[in-house]
Structures are given as C-alpha cells and as structure tokens.
Amino acid sequence: MRNLKMIRPPGFTMFEAIVAMFILLMGVLGVVAVFSAGMHSRVRAQELIISQDLANMWADWVRFRLNDDATAGVLVSGGHQITLADLTVGKKGDFYAGTADAPFQVGAVGASGNLPTTGCGAYQGYTWAITGASDYTPKWVPEAGGSDNDWTERIDGSPIYDTADFGALPGNLKTVELSIFRGARKYIFRFVFSGVGLKYDAL
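Everything numeric here is computed off the predicted structure, so don't read it as measured data.

### Concerning the overall build of the protein chain
- Each helix and strand counted, the protein chain has three helices and seven strands in total.
- Taken from N to C terminus, the helices and strands of the protein chain fall in the order α-α-β-β-β-β-β-α-β-β.
- Across the 203 residues that make up the protein chain, the buried fraction comes to 26%.
- Restricting to contacts in the protein chain with at least 6 residues of sequence separation, those with at least 24 account for 56%.

Structure below.
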C-alpha cells in the first residue's frame with residue numbers, strides 16, 4: 001500500500017502569523033521606548049543646564065546685596081539689603097514672574113531691581129526655594145599639625161586682630177541649599193555666603 005503524505009498548502013498558519021506579529025510589535029515598542037528615553041534624558045539635561053545658570057545668577061545677585069553691616073548706607077535706607085539671617089528655609093520666588101518673598105523682592109513685580117531674569121520673557125515654569133541653610137565656621141590647621149582653629153583665631157587662640165581698632169570679628173559663613181524647580185522636578189545646588197557684600201555711602 002502506497003504511503004499517502006499530506007500536502008501542506010502554501011502560506012502561514014494563523015499561529016505563525018500571530019508569532020510574527022508579536023515579534024514585530026516587540027521590535028517597534030523597543031524602538032519607541034528607546035526614543036522616548038532619549039527624549040526624556042535630553043529634556044532633563046537641558047533643564048539641568050538652565051537650572052545651573054539660574055542658580056549661579058541667583059547666588060551672584062544675593063552676594064551683590066548681601067551685607068550684615070547695619071551701616072551699609074543706601075542699601076539699608078532703600079530696603080535692598082539682604083543679611084545672612086534672611087537666608088532661611090522656606091524663602092522662595094519665581095524667575096519668570098519676578099516675584100519673591102521679602103527681602104528678595106525689590107519694589108513692584110517686574111521692577112528692574114529684581115532678579116536678572118525679571119522681565120526677560122524666559123524661564124517660565126522655573127522657580128526657586130531655599131530648602132536648607134546652616135552656619136559654617138571655616139577651620140584651619142597649622143602646617144606643623146595640631147588642633148583646628150577658627151578662621152578668626154591665631155595659632156594661640158587669640159583674635160586675628162584687635163576689635164577695638166578694626167571693629168567686630170567676621171561672623172560665621174552660611175551654607176545654603178538652593179533648589180530650582182521645573183514643574184515637579186527639583187535640582188539642588190549649594191552655595192556658601194559670607195555676609196560681606198558691597199557698601200554704598202549715603203548720599
């Protein structure tokens with residue numbers, strides 16, 4: 001008796017077609033996922049660069065107005081002075097709107113004395129807040145070794161100068177954690193301020 005072989009019709013079975021479509025779908029989804037991850041990384045990198053620029057501008061602007069000297073002339077009378085005591089957690093502002101908590105706000109919203117970004121029509125959605133602040137006392141150690149000394153002390157522990165002749169010794173520095181927000185994303189930067197800024201003589 002002759003063996004009869006089943007002749008398979010040309011083409012693909014339903015199962016083979018489903019497997020092929022699944023493999024194709026996984027490949028397409030992989031490409032989409034890589035593209036999406038790349039776009040997300042690019043956006044985050046761009047935001048980080050902008051936030052770094054904004055943080056540096058903020059720090060320079062604060063240093064310009066920062067002065068713990070109560071006799072700082074026009075800065076005091078004009079209400080434009082910032083002291084180390086003002087650098088407290090919770091102070092915040094908006095780079096685009098030019099609004100901020102006192103004394104970081106100078107005059108009306110959009111006034112020329114506010115942040116350098118005020119009125120430039122850029123940085124919409126970027127805000128700032130002081131999320132950390134602590135006193136910082138620099139130390140130094142003699143070359144030959146020994147105990148730490150505050151930056152206001154000589155090697156024997158005496159003051160670096162006579163306060164009767166030169167006024168009060170410099171105070172502590174302040175470390176500030178500045179957070180730049182872009183929506184729900186936060187970028188953290190740290191700066192150290194001395195409390196010694198520009199002085200203007202009263203006119």
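That was the structure; now back to the text.
### As for unusual backbone geometry
- Following A102, the chain continues to P103 via a peptide bond in cis, the omega torsion being 0°.
- Counting through the fold element by element, P103 comes out in the loop between strand 2 (99-100) and strand 3 (126-136).
- Its identity as a non-glycine residue notwithstanding, Y123 has a phi of 65°, on the positive side.
- Mapped onto the fold, Y123 is located in the loop between strand 2 and strand 3.

### Some thoughts on the nonpolar core
- One finds W58, L87, F95, F104, W128, I180 and F193 to be the most contacted residues of the largest nonpolar core, which totals 25 residues.
- Only helix 1 (14-65), strand 3, strand 6 (173-182) and strand 7 (185-193) provide two or more residues apiece to this core.
- Examining the composition of this core, we find that six residues originate from one element, helix 1, more than from any other.
- Dropping the residues within four chain positions of it, F95 is found in contact with L54, W58, L115, T117, T118, Y123, Y126, T127, W128 and I180.

The rules behind these values
- Residues numbered from 1 in each chain as written.
- Predicted model: local features only at pLDDT ≥ 70, side-chain atom pairs only at ≥ 80, totals over all residues.
- Heavy atoms only, no water.
- Helix = DSSP H or I, 4+ residues; strand = E, 2+ residues; numbered from the N terminus.
- Buried < 20%, exposed > 50% of the residue type's maximum accessible area, 1.4 Å probe, protein only.
- Contact = heavy atoms within 4.5 Å.
- Core = buried A, V, L, I, M, F, W, Y, C linked by side-chain atoms within 4.5 Å.

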